[in-house]
Amino acid sequence: MRADDQRVGLAAEAFSFGYPIVCAIRQMIRTAHEGSGPIRPAGFNAFAHQTDPPGPDSSFLNVNPDILFSSAQVDLSAGPVLLHVPPTGGRYHRLAFYDPWLNTFAYLGSRATGDEGGEVLLLPPGGVLGDSDTAGAGAGAGAGAGVSVVIEAPARVLSIVAHFAYRGPDDLPTVRALQDQLTLRPVDPNARQPEGPPDRSKQVCDDLRFWEEFRTWMRAFPPSRLEQDYARRFETLGLLSDPSPYIDPDPPLAWSLRSGLRTGRDELERLADAGRRAHRGWVSTLHEADFNLDRAGPGVLDDRAWEMPDRAQARIARAMAARRPLGLVHAYEATAAHCAVDVDGHRLTGAHNYRLRLLPPPVGAFWTLAMYDEPDGYLVDNPLHRYSINSQDDLVRDPDGSVPVLIQSDVPSPPSSAPAANWLPAAREDFRLILRIYRPGDEVLTGAYSPPPIHRVD
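Thresholds, definitions, all that
- Residues numbered from 1 in each chain as written.
- Predicted model: local features only at pLDDT ≥ 70, side-chain atom pairs only at ≥ 80, totals over all residues.
- Heavy atoms only, no water.
- Pairing = 2+ DSSP bridges.
- Helix = DSSP H or I, 4+ residues; strand = E, 2+ residues; numbered from the N terminus.
- Buried < 20%, exposed > 50% of the residue type's maximum accessible area, 1.4 Å probe, protein only.
- Polar contact = N/O pair within 3.5 Å; in protein donor to acceptor, adjacent residues only side chain to side chain.
- Domains from an automatic or database assignment.
- Contact = heavy atoms within 4.5 Å.
- Buried area = accessible area lost by both parts, 1.4 Å probe.
- Salt bridge = Lys/Arg side-chain N within 4 Å of Asp/Glu carboxyl O.
- Nonpolar A, V, L, I, M, F, W, Y, C, P; charged D, E, K, R; others polar.

The chain has the name DUF1254 domain-containing protein in an unreviewed UniProt entry, where Parafrankia colletiae is given as its organism.

Draft legend 1. Region of interest: the sheet that holds strand β14 (residues 367-373). Read across the sheet, 6 strands follow the order β10-β11-β12-β18-β14-β15 without closing on themselves; strand pairing throughout is antiparallel. The sheet terminates laterally at β10 (278-279) and β15 (388-390), the two strands that pair on one side only. Across 3 bridges, the pairing between β14 and β15 is antiparallel. Opposite alanine 370, over in β15, you have serine 388 as the bridge partner.

Draft legend 2. Main features of the sheet that holds strand β17 (residues 423-425). In space, the 4 strands of this open sheet follow the order β17-β16-β13-β19, with mixed pairing throughout. Looking at strand neighbours, the two that pair on one side only are β17 and β19 (455-456), the edges of this open sheet. As paired strands, strand β13 (residues 354-358) and β19 are joined by 2 bridges and run antiparallel to one another. Looking at β19, one finds that tyrosine 354 is bridged to arginine 456.

Draft legend 3. Quick look at the pairing of strand β4 (residues 93-98). Counting buried positions over the 6 residues of β4 gives 6, a clear majority of the element. Neither face of β4 is open: one carries His93, Leu95 and Phe97, the other Arg94, Ala96 and Tyr98, and all of them are buried. With 6 bridges joining them, β4 and strand β8 (residues 157-165) adopt antiparallel strand pairing. Residue pairing for β8: leucine 95 is matched across the bridge by alanine 162. Two strands pair when backbone bridges link them, and β4 and strand β5 (residues 104-109) are joined in this way by 5 bridges, in the antiparallel orientation. Bridging across to β5, alanine 96 finds its partner in tyrosine 107. The loop that links β4 with its antiparallel partner β5 comprises 5 residues; one of these, leucine 102, has a positive phi angle of about 75 degrees.

Draft legend 4. Here's a closer look at helix α6 (residues 311-321). Every buried residue of α6 is accounted for by Ala314, Arg315, Ala317, Arg318, Ala319, Met320 and Ala321. Of the residues flanking the start of α6, the one acting as N-cap is aspartate 310, its side-chain oxygen 3.1 Å from the backbone nitrogen of alanine 312.

Draft legend 5. Inspection of the domain arrangement of the chain at higher detail. When cut into domains, the chain gives domain 1 (1-276) and domain 2 (333-456). Placing a centre on the C-alpha atoms of domain 1 and another on those of domain 2 gives a separation of 33 Å. Contacts between the two partners involve 18 residues from domain 1 and, on the opposite side, 23 residues from domain 2. At the boundary of domain 1 with domain 2, total buried surface from both sides reaches about 1800 Å², with 55% on carbon and sulfur atoms. Taken together, domain 1 and domain 2 are joined by 2 salt bridges. For glutamate 333, the salt bridge is made with arginine 111, and the minimal N-O distance between the two is 2.7 Å. Along the contact surface separating domain 1 from domain 2 lie 12 residue pairs in polar contact (both at pLDDT 80 or more). Class assignment for the residues of the side of domain 1 that touches domain 2 results in 9 nonpolar, 5 polar and 4 charged.

Draft legend 6. Layout of the pattern of salt bridges. Taken as a whole, this structure holds 26 salt bridges when the rule is applied. Its salt-bridge partner being glutamate 13, residue arginine 233 comes within 2.9 Å of it at the nearest N-O pair. Here glutamate 13 lies in helix α1 (residues 3-34) and arginine 233 lies in the loop between α4 (225-231) and α5 (251-274), a separation of 220 residues in the sequence. In this structure arginine 233 comes out as partly exposed when scored by relative accessible area, which is 42%. Judged by its relative accessible area of 28%, glutamate 13 is partly exposed. Across the pair arginine 432 and glutamate 374 runs a salt bridge whose closest N-O atoms are separated by 3.1 Å. Note that arginine 432 is positioned in strand β18 (residues 431-438) and glutamate 374 in the loop between β14 and β15, a separation of 58 residues in sequence.

Here is the structure:
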């Protein structure tokens, strides 16, 4: 085998390793400066909010109709930042913190810290207070009274995604008021403006841009120590070099990098298709976020049950997570199951009527069953503006506690096999269901609980 061919295989492996940080930082920069869909750009160290009710016209695919979210891109290069979290009065909420490698390294909210809210001190790596007059004075110095949680970030930049439970249009003012109370402010009022991640990728040609971003951002935001040891195997690709070898690249190296990127990308798609294993038609997300093996802050369980058994598996899972919008969390916080086929393996379609006898999953918060069209993933318009069935709804239950859900595109006419309150309007063509479970109970987390199959009834 030629050396160039060997280098293609190495570049394909490097692509999978670098894909998460490149996706995460690209999204961070784009969200901060351009916004995301209807979410306005807020720069760094400020929250932007989803304020419009989720519905069929939402810009986001697979949008959750029972949640409104907020996000912030945080830069601690000028020193620590104070995060204010409002009290929520028992409403389910969570704040998940992501490092540049997509590890969820901390949680706040209903499960992790309760509903009282408070002041949270975000420290840069090493736990120092920066170059202001508070530097080296200890975690709480200069932060003001009332700091309830201290979070040391693994990198100077991070992303925060906040979720608040949402109960429909009448609930919108309350959720918006909670969102408005989410704030970020520097401990040092004279701190310089945050600068964001370095971005010099325009110096290289477009088809080597990924590699320049990977090189630059890995240098700025190194992975954990053990992952740094792994990264050294890519030294011959120029990923550990400085200055950049990609501005005027050696032609054989450029060929290997271009070929390796295509090979690595194709392999990720193949693994994504092969990894979807269904149980009774449902595909679970129970362990998709277990790739964080090194960075555990407040709210992250230090439990091997929520860590992947080896690093090679974890790297692949992290790359898979990078294919989706930011927001994946450990299953002990929230999990989901997807279904697009009936009990006989036939695709769900609005041409037929279906019944799901849902034995509600054990939860510490709530569960929700939402309807999406296929293959796009939009909520389905219907005369009731009902996009999901929620455990907090006024549902009719059978004597055994199960919820008989009628799934069809037309309004059910009596006599119906399920009460109208339990009707989940379906798309006219193909559709998919997502069962989301917030603060799932032990039966869910151990795999003892799984959703029942969906039966065609016409």
